[in-house]
Structures are given as structure tokens and as C-alpha cells.
Amino acid sequence: MTRSRRRKLQRAAIAHRPAGATSRPRLVRTPLSPIRQAVRLAPLLLAGYVPVAVQAQQSPLGLDEIIVTAQKREESLQNVPISVQALGTVKLEQLNVADFEDYANLLPSVSFVTIRPGYAQVYMRGVASAGDADANHSGSLPLIGTYLDEQPITTIQGALDVHLYDIARVEALAGPQGTLYGASSEAGTVKIVTNKPDPTGFAGGYGLEGNYLSGGDSGYLAEGFVNLPMADNMAIRLVGWARHDAGYIDNVPFQRTFPSTLITVPPDGITTDNAARVEDDYNGVDTYGARAALRIDLNDSWTVTPSVMAQKQKADGSFGADNTLGEYQVGHGFAEGSDDKWWQAALTVEGRIGSIDMVYTGSYLDRDVDFDFDYADYSYWYDVAYLADGVNFSSYFYNDVGDAIDFSQYVLSSDRYKKYSQELRFSTPQENRLRALVGAFWQRQEHAIYQDYKINDLAESLSVTGKEDTLWLTEQERIDEDYALFGEVYYDFTEKLTGTVGARWFKYDNSLEGYFGFGLGYSSSGNSGEALCDKNFGDGLPPDGGPNTGADLPDYGSAPCKNLDDSTDDSDSIYKVNLAYKLTDDALIYATYSEGFRPGGINRRGTVPPYKPDFLYNYELGWKSSWLDDRLRFNGAVFYQQWEDFQYSILGPNGLTEVTNAPGDAEITGLEMDVNWAVTEGLGLSAGVAFIDAELSGPYCQNLFGGAAVSADPCPVDGGGSEPPAAPKGTKLPVTPDFKGNITGRYQFPLGTLDAHFQAAVIYVGERETDLRTFENDIVGQLPSYTLTNLSFGAGTGDWAVEFFLTNAFDEYAEFSRYTECPEARCGPQTYSIVAPPRTFGVKFSQDF
């Protein structure tokens, strides 16, 4: 926003100050700090699922005008002909929203799967195919783009888990956003918009919170911000936070005996024991971070805003509860935990050249994640499965003197991300009858992958060369690079009818190189590991003298050699057409056709060909309406989407992710609505719902090891014959419920000399499938529906407030996602569920100055 535009909005804020407000001009801080605004304006702002951006205070029973930037320009929400759901500053504070899972639960069109903080995969409007396999480092790019202000922060395995404080709003733009937001916005976009520095006045605030989990541990939160004017045209905004999330998963005593070792090591076999790791509430999380932004108004037309943000998040233990042991329990014997550190530097330049507005944004993101996890289930259940086929696994695993060993696996992994992005766009004056926005975009993502699968005391002859106790090693570099030109043209046919045409040309160039596989002791077939190095880059002779026999094989990092080096590229265009008609000043209807895309990529198993881009085609009818003198707003959309050649990620043989383009397309129909109602001066109500029917429009036949997926029923089998499809026509897509909804009520009342409030929020999520394939879905099981209820009571004055809150008030065992390490029927019933924390009681104090 330019300096002149910001001053106009500030003057509007003062002009609309309610009767009785202080005569001292108090400018709206983009917006006021959370608790203060909540106490003063909660019944007016309401508990809405709409974005709150620049806010002008209005009459006691009116709803604030909401300015959004969903179309990369400032517009009133009620005039934007797209589906937008979001949470503003006040709502984020009222509902104690602090991280991704908190706000994802509150957005009806959003679904997600996760294994722990920082590993969430986001989906919108039912566009999902695989679930947990999507999160693999060698899988498809995300379907949903996540932005921090103007900069994309989606990494290959998911978006950053940004702590939410001093945030202007979180927006969810449902449906393809490809023309303006490009790759990884195929099905939608989530935007986190921070509060910006304000040169017009000093502002500051802080919040302190303590909480206790039912039957668990205690946590805390300390956060604060300060806005410091440095001159009439310059200000800096500093934000910081420190947070401890209490653990609630218990690592309980657990033993089991590998069945094959009863043959190899009679009479007792090899029994594992996790006694050294037993601990209650062992999945605590510590998060520390800071943000700084500097705003310089060079003149009335040009503004420069550099910013930097950094966060460190250390999460202990496992967040998956073992469904064979009981609620909130797991039995793991190896050390587990993740350390997620990232920082981002960004620059935004806004200005005007003649009558043309220009915006440049550039950013650099550096993220380092170390993640160690127990993988013993994989070893145990495959031992059970293969022994049933007469294969004695324990004879394959021994130490240097030939004795059988405990072959339980654990994994030491690290991911090093670097992300560069730049965008330059120009727009003509919004008051013109014919107006346009055009721009160019470039992005480069680098991902250095390291996963070391360990078995303690493994023989050197069985280990990957040069890696002690390493059964399997993945050490690779993945690069995804995107280029795009985009634009939208808008034309007012009449005062009521506006048309929009948009297009985006894109090009991608993606590559993957490095090493994956076993050492020489297990890779003689040449399908992975060191033998594949010689097969792909050597003379093809048997590597009987070592990995470099007969060839000077290329080195790669700490791996013994390189066995994979491949790339893929393509270019195409996508389009958007929209017609919007204003029935009255308070009612808008629109029709949209839009397209989204996701780039193709490389499979790390060399026998599986690269996968192609997939495309989403969206047909949508929507409405925006205000009623009762703007005391009631009712918005919604109905849509039909066709997902063609969608990329499908599965865990194939050896647990390797394989991605193919499903020949059986998917069809998705749905309805989403939200309502916000200022019932009285003291009572506000809001609700949001999404009804979604997502299913395959043709059967899916799965063929591993490079066989092309086909759509047939029954499915042909190599060598003749047939079998049922992995997913027949009409199969429901995973992750997304048929119905998701929420309702919030907030009542404000005087309590002596204080302003008090009571709030209740209820979130319902329906049943969900865990896998597209029928067989695998039956193994892991369907996710049950859940209902979360959150309550709060608070009181305060204009400068301070205290609030007592109860989240998950009825202690619902809410399952967000579920997975298994051995997705085969003969592997047994051991699955893990990622669940919401149990009932939590807390108290929060905040103050502004």
C-alpha cells in the first residue's frame, strides 16, 4: 500500500470512530493489537470466516468493511468475485490460534494430513489423492501454495509452521489460483499476512499465557511486539515469541520378539525392549522466533519494506499414537525428535510510474530440518510377512562375526532447503473501465536430502560402503525451477457487469540426482544402491571388486557413488474467465471458469519414468451478500472440478515413493458457505460449512516398477489375466470429509467497570478415507469424525485483558490423520493416529501501550 493510500484509510478510520471514543486521534494499527481490539470491538467484528485487513470502525451494529488482497490488489471482500475464507487478527486471538493445525481446523474448505509440527500437507475442496505419501521428499509438489505476505513459503515437503502473532489475517483462497499464484496453487492458496510497520505512531503490546493439558504436561507462551516510528516516513516493527507446547503422548513399556530369530537364535530368539526410552508426555515442542520489518516511504508514491523472519522449533518424541496400545500411547525404542530451523529475508517495493502501480517482491528462504525417528515396525512386520512365505529374515542380518542381530531400524535424516523467488507486476488504475494486471515470476527450490536407515551392529559387508551400520542410504539433491508470465484484464461492461480474463504461461525444469539404495551386500540385482551406480554410470560389469570396478564412477557427497541423475521440463498455459454482476449495492453474483496446474517431476526409482504435470479445471457459481443494514453477511459458492492426469504418490517396494499420473480422472462437486451476523450490540454469531463429494470418474489400475497406470475394470496383468482395480470408479478421494463445519458465538457484557465476554466455538469434521486404494484404505482404516469445542471467558479495560480458555473442552480423541509403516494385509494391525491434544485449560494476560 502506498503512503497516500494508507493515509486515506487512516482518515477514514478516524471519521468512523464510534460516538464516545477518545478525542485524541488514534490511528488503526493494521489492526489494533489482538486483545484490546477483541475487548472493544468483538461483537462488531464477529467470529467470522472472512479476512480482516484494514479496518474502519463503524456504527455499533454494523460489520466492518473488509479490505483483501486476494487478487493482488486492495478490494472490499464483498466486491471480490472469488471464494475467500479467512481469519483476521481479532479472530485469531479470540480462538487462541497459534499454528497451522489451529487455523486449518477453522477453515471449512481446508483439509490436511500431518505427522508432526512442520510436516503438514494441505488440501482444499477435496483435491487430494495420496495422503501421507505426498509428504515424501521425492513425491509431488504440494497442491496448495502458502504465502507469507507476498512471498511463497511452500517447501517441497510442506509449508512452514509459522507461529501466528501480530498477524493481520490468514486467508484461504479456494479453487485454482493458477493465473495469479502459479505452481503449487493448483487447488487453492493460503496467505498469512503480517501487520506492517506504521510511521504515524508508537504502538506495542505483549501476551503471557500458561496452560495445562488434562492428564498431561503444562505449557507456556510469551509474545510481544513494538512499532517504532523512526521518522515521519519510516518505522520498524519488531515481533518475538517463545512457546512451549506440552507433551501428551506417553512412550510406554513395550517388548516384542522377531519371529525369524526363534529359528536362528534358539531357544528364545531376539526380543526388543524400550525400557531406556519410557517417558510420559514425551512429545513436547519448543518454539522460538522473531520478525522484523522496516518501512520507508521514499515519497508519496514509493515505499520500500525489507523484512526478516526466523524461527526454531524443536519437537521431541512421536506425535503418532499406536492404535494397538491405547489412546495417547506409543512404544518406541529409538530416540525420536525433529529440529526445524528456518529464516526468510524479503523485500517489497511498491510505487507508481505515471498512472501505473508497480510491485516488486523478492525473497530468500533457508530451512534446515533434522529428524530422527523409530522405524522398527517396518523391520518387525516385514519379518512376520516374509517368514510366512518361508523367508528367514534373520539370516540376512548379522554382525561382523556372523551372529544374528536385532535388525530393528531407525532413521537419521536431514533436509536442507533453499528457496529463491522474485515477482514483478504492474497494474493500471482501478477506476478505469478497462484495467489490467500483468507480471513475471521466477522461483527456484533446492532440497538436499539425507536419510540414513540404520541397524545397530550391522556387518560392514552388508552396510553401504563407508557408512557404518547403514542398511539403506538416500542422499540426493532435488531442484525445482519455475518461470511464468501472467496477467488478468478486467472490463466493466456496465456499472453492474464486469468481466475478467486471465492467463498464465509457465515453464518448469525439475531434476533429481544422487544416491539411493542398499550397499553391495543387498544390491546385486542392480535395481538400487551401489550396483546401480555401475549399471547407470559404469561399464555394466558385475561390481565384484567394489562399486568402482571397471569404471570411474562419479562421487556424490558422503555416498559411495551416484546412481541417479535425471531431469524433466515442460511448458504450457492455463486460463481463467469470470463474470460478476451486482444485483444491488449489497449483493453480487459471479461465475468463474479457472484452471490450475502442478509441475511434473522425477521418480527416484530409475525404472519408473518421470511423472507429468496434472491439471485442475474449475467451474464455479458464487455470491456475496449483505443484509439487515450490513448486520448480516452471507457468502458462498457451488463448484464442479475435474482433475485430469492427477499425480498419485504411493509407497512402493522397499518403501520407495513412486508417482504416476492416474489415467482415471477425478470429479469433485461441492458447496461452501459462511455467514456473519451482528445479532445485537453484545452478541455476534458466525458459521462456515463445506459439503464436498470427491470421487474417481474411472477405475485406477496400479502397476509398479515402471508399468504405466491404466484405467480399466478388470485391470490387465503382465503375462496375461486380470485383477480388480486398485480403486474402482466412484472411489472416494482420501483426506477430505463429505462435511466440515463450524459455528462461533461471542457475547460481550459489562462486568462492573470491566468489559467481559463469553465465547463458544464448535468445529465438526466428518469421516475421511486414508488412502485412495481400496485395499490399503482397509488396512489403515477410515478416520472417524470428530467434534472439538472451545470455550473462553475474559474481561479487561481498554489497555489490558485477562482470558480463561478451555480448548477441546469435552476431551475428544480427534484423529487428524493415520499411517502405517507396513501397508500390507499380512503386516498386522499396527497403525498410528495423529491426534489433537486433550482438554487444555489456560489463562492469558495481555497489555497494550
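About the thresholds
- Residues numbered from 1 in each chain as written.
- Predicted model: local features only at pLDDT ≥ 70, side-chain atom pairs only at ≥ 80, totals over all residues.
- Heavy atoms only, no water.
- Disulfide = S-S within 2.5 Å.
- Helix = DSSP H or I, 4+ residues; strand = E, 2+ residues; numbered from the N terminus.
- Buried < 20%, exposed > 50% of the residue type's maximum accessible area, 1.4 Å probe, protein only.
- Phe/Tyr/Trp six-rings, centres within 6.5 Å; stacked < 30°, edge-to-face > 60°.
- Lys NZ or Arg CZ within 6 Å of the ring centre and 35° of its normal.
- Contact = heavy atoms within 4.5 Å.
- Pairing = 2+ DSSP bridges.
- Axes fitted to C-alpha atoms, helices over the stretch in contact; angles between N-to-C directions.

A.B. asks: Tell me about the state of the cysteines, and please be specific about residues and values.
C.D. replies: Taken as a whole, this structure holds two disulfides when the rule is applied. One disulfide in the model links Cys-533 with Cys-561; its S-S distance is 2.0 Å. Taking the sign of the S-S torsion, about 85° here, the bridge from Cys-533 to Cys-561 comes out right-handed. Residue Cys-533 is found in helix H8 (residues 529-537), and its partner Cys-561 is found in the loop between H8 and strand E28 (564-584); the two are separated by 28 residues along the sequence. Cys-561 matches Cys-533 in its accessibility class, with the two residues each being buried. Here Cys-701 pairs with Cys-715 through a disulfide, and the sulfurs are 1.9 Å apart.

A.B. asks: For the packing of aromatic side chains, give the residues involved together with the corresponding values.
C.D. replies: Counted by the stated rule, this structure contains 46 aromatic pairs. When the centroid spacing of 5.6 Å and the interplanar angle of 55° are considered together, the rings of Phe-518 and Tyr-522 count as tilted. On the basis of relative accessibility, which here comes to 17%, the residue Phe-518 falls in the buried class. The aromatic ring of Phe-639 is capped on one face by Arg-125, whose charged end is 4.1 Å from the ring centroid.

A.B. asks: An account of H8 is needed here, citing residue identities and associated values.
C.D. replies: What H8 keeps buried is the set Gly-529, Glu-530, Ala-531, Leu-532, Cys-533 and Asp-534. Taken together, the buried residues of H8 touch strand E27 (497-518).

A.B. asks: Can you tell me about the sheet that holds strand E20 (residues 320-322), naming the residues and giving the values?
C.D. replies: The antiparallel open sheet is built from three strands, whose spatial order is E20-E43-E42. Of all strands in the sheet, those bounded by a partner on one side alone are E20 and strand E42 (815-819). Averaged over neighbouring strand pairs, the angle between their axes works out to 35° when direction is ignored. With four bridges connecting them, E42 and strand E43 (residues 832-835) associate as antiparallel partners. Bridge pairing links Tyr-819 to Tyr-832 in E43.

A.B. asks: Mind laying out the pairing of E27, listing which residues take part and the relevant values?
C.D. replies: Two elements, strand E26 (residues 470-492) and E27, share 21 bridges in a ladder whose sense is antiparallel. Counterpart to Ala-484 in the pairing with E27 is Phe-506. Connecting the antiparallel pair E26 and E27 is a turn made up of four residues. The sheet contact formed by E27 and E28 spans 18 bridges and is antiparallel. Across the sheet, Val-501 pairs through a bridge with Val-577, a residue of E28.

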